[in-house]
Amino acid sequence: MPQDNLPATPRQSTRFLYLYALAAAGGSIAYIPLLTILLPLHVAKTAGEAALNLLSYIAFAGAISASIANVGFGWLSDVSGMRRPWIAAGMLLSCALLLTIPMITQPAALIAVIVCWQFALNMMLAPLSAWAGDVVPDAQKGMLGGLMALAPALGALSGALVTMQGIIPDGQRLTWVAALVVVLVGPVLLVGRPVAMPHLMQHDIGTSPPLESKNAVRRMWVARLLVQIAEASLFAFLLMWFRSVEPGFAENRAATIFACVLGAAVGFALYIGRWTDRHSRPIYPLAICSAIAALGLLVMAVAPDLLIAIIGYVTFGLASSIFLALHSSQTLRVLPKAARRGRDLGLFNLTNTVPSLIMPWLTLALVPVYGFGALFVLLAVLAAIACWLLLKMPG
């Protein structure tokens, strides 16, 4: 049968994809430097010996408020039928709240400001995530996932830049963070003109989706949760683990390794993302990455010296970073209803916040008694289960 008269699959403009990737990076910069460096420094300066407890309360309250806000604002952007106004309002409000944090010294007030900031931040992030589902077709979701790897890499880089001694005064660090967010998110709002994709807005498999579709959603959700638990554990305890292998391991060495892994993941994720688009194999790379992540964790569990430990971490870090970037875009394939895309992505976002509630208990239960090796073996099992779930997905 001749194929010449078949309509071409619509494609989104590369220009918009790049602008969107920069906006996603701006979203990461909005929280990574604050939560990993600047907020702990501020709490240590203002709370003294109570800093650790206060940071724990802030982390818990922040995770809960972020979970609620991401679902809520995703749903509101669905109901309103608009994404840009919510993104713009969240960007401006979250940046304004960032600037107030250095002025807050009372613990209760600081917790309240962080909760408000999490709501404003997710007013921006939730509709921004859903917007990709509205305008990026399946044939380009691999490339989108590769570009999304830029977000955590630039987030980590921004943290290093704003804390460089002699470059930015301590009192201006959050001002620079807010400025970077506006510079990166603003262009897609002002000049981003995506090609309309009406077929993406009409997709609706009904109130009783096939069992395969329900299973696909569940498997994608659980697989990301399992890998995120492993990633969150390493994010929080990487330096402590390196020092357990080699006492005196410098914090700047750990930060350098972390930044190099995130930077290298961008190139790999772009290449693999384009491969998935060309070969229409969106889930297979996710399964392979989770398997490699499990292997890296097992190497870390038995590492006899620092070199093997670094090799294990680099293996895990690359695989998990690529997995999370590609998973973010491929998740859009399995969501059943375009009309509730923002809300459903908010439910998927729980895989980002729930691990911060689970991970400390796993660590406290295993590391003091059995050491980091036992923790890494458990995390490897979780990553292997994620691989199995993805390999069993239909199609």
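You'll find the structure just up there.
Residues numbered from 1 in each chain as written. Predicted model: local features only at pLDDT ≥ 70, side-chain atom pairs only at ≥ 80, totals over all residues. Heavy atoms only, no water.

Enquirer: Report on a nonpolar patch on the surface, specifying residues and quantitative values.
Expert: A cluster of nonpolar residues, Phe60, Ile64, Ile68 and Phe119, forms a patch on the protein surface that exposes about 370 Å² of accessible area. Per element, the largest residue contribution to the nonpolar patch is three residues, and it comes from helix 3 (residues 51-80). One can find Phe119 in helix 5 (residues 107-135). On the basis of relative accessible area, Phe119 is assigned to the partly exposed category, the value being 31%. (Patch = residues over 30% accessible without salt bridge, like charges linked within 9 Å, V, L, I, M, F, W, Y side chains within 5 Å. Areas by Shrake-Rupley, 256 points an atom, 1.4 Å probe, with all protein chains shown as cover. Salt bridge = Lys/Arg side-chain N within 4 Å of Asp/Glu carboxyl O. Helix = DSSP H or I, 4+ residues; strand = E, 2+ residues; numbered from the N terminus. Buried < 20%, exposed > 50% of the residue type's maximum accessible area, 1.4 Å probe, protein only.)

Enquirer: Break down unusual backbone geometry for me, citing the residues and quoting the values.
Expert: Its identity as a non-glycine residue notwithstanding, Ser280 has a phi of 55°, on the positive side. Looking at the element boundaries, Ser280 is found in the loop between helix 11 (251-279) and helix 12 (284-302).

Enquirer: A description of the packing of helix 3 against helix 5 should follow, citing residues and the corresponding values.
Expert: One way to put it is that helix 3 packs onto helix 5 with a least axis distance of 7 Å and a crossing angle of 30°. Classed by the angle they form, the pair helix 3 and helix 5 counts as roughly parallel. As for how helix 3 packs across helix 5, the hand of that crossing is right-handed. Across the contact of helix 3 with helix 5, the residue classes tally to 18 nonpolar, seven polar and no charged. (Axes fitted to C-alpha atoms, helices over the stretch in contact; angles between N-to-C directions. Parallel < 35°, antiparallel > 145°, perpendicular 65-115°, else oblique. Left-handed = near helix turned anticlockwise from the far one by under 90°. Nonpolar A, V, L, I, M, F, W, Y, C, P; charged D, E, K, R; others polar.)

Enquirer: Hey, could you go over the pattern of salt bridges for me, with residue numbers and the actual values?
Expert: The final tally for this structure, using the stated rule, is seven salt bridges. With a shortest N-O distance of 3.2 Å, Asp344 and Arg340 are connected by a salt bridge. What makes Asp344 buried here is its relative accessible area of 7%. The partly exposed category is assigned to Arg340, whose relative accessible area is 28%. Notably, a salt bridge pairs Arg343 with Asp344, separated by 2.7 Å at the nearest N-O pair.

Enquirer: Can you tell me about helix 13 (residues 306-334), naming the residues and giving the values?
Expert: The terminal C-alpha atoms of helix 13, which comprises 29 residues, lie 41 Å apart, in line with the 42 Å expected from a rise of 1.5 Å per residue. Along helix 13, the helix axis deviates most sharply at Ser328, where the bend reaches about 35°. The N-capping residue of helix 13, defined by a side-chain oxygen 3.3 Å from the backbone nitrogen of Leu307, is Asp305. (Expected span 1.5 Å × (residues − 1). Bend = angle between axes of the 7 residues up to and from the residue. Polar contact = N/O pair within 3.5 Å; in protein donor to acceptor, adjacent residues only side chain to side chain.)

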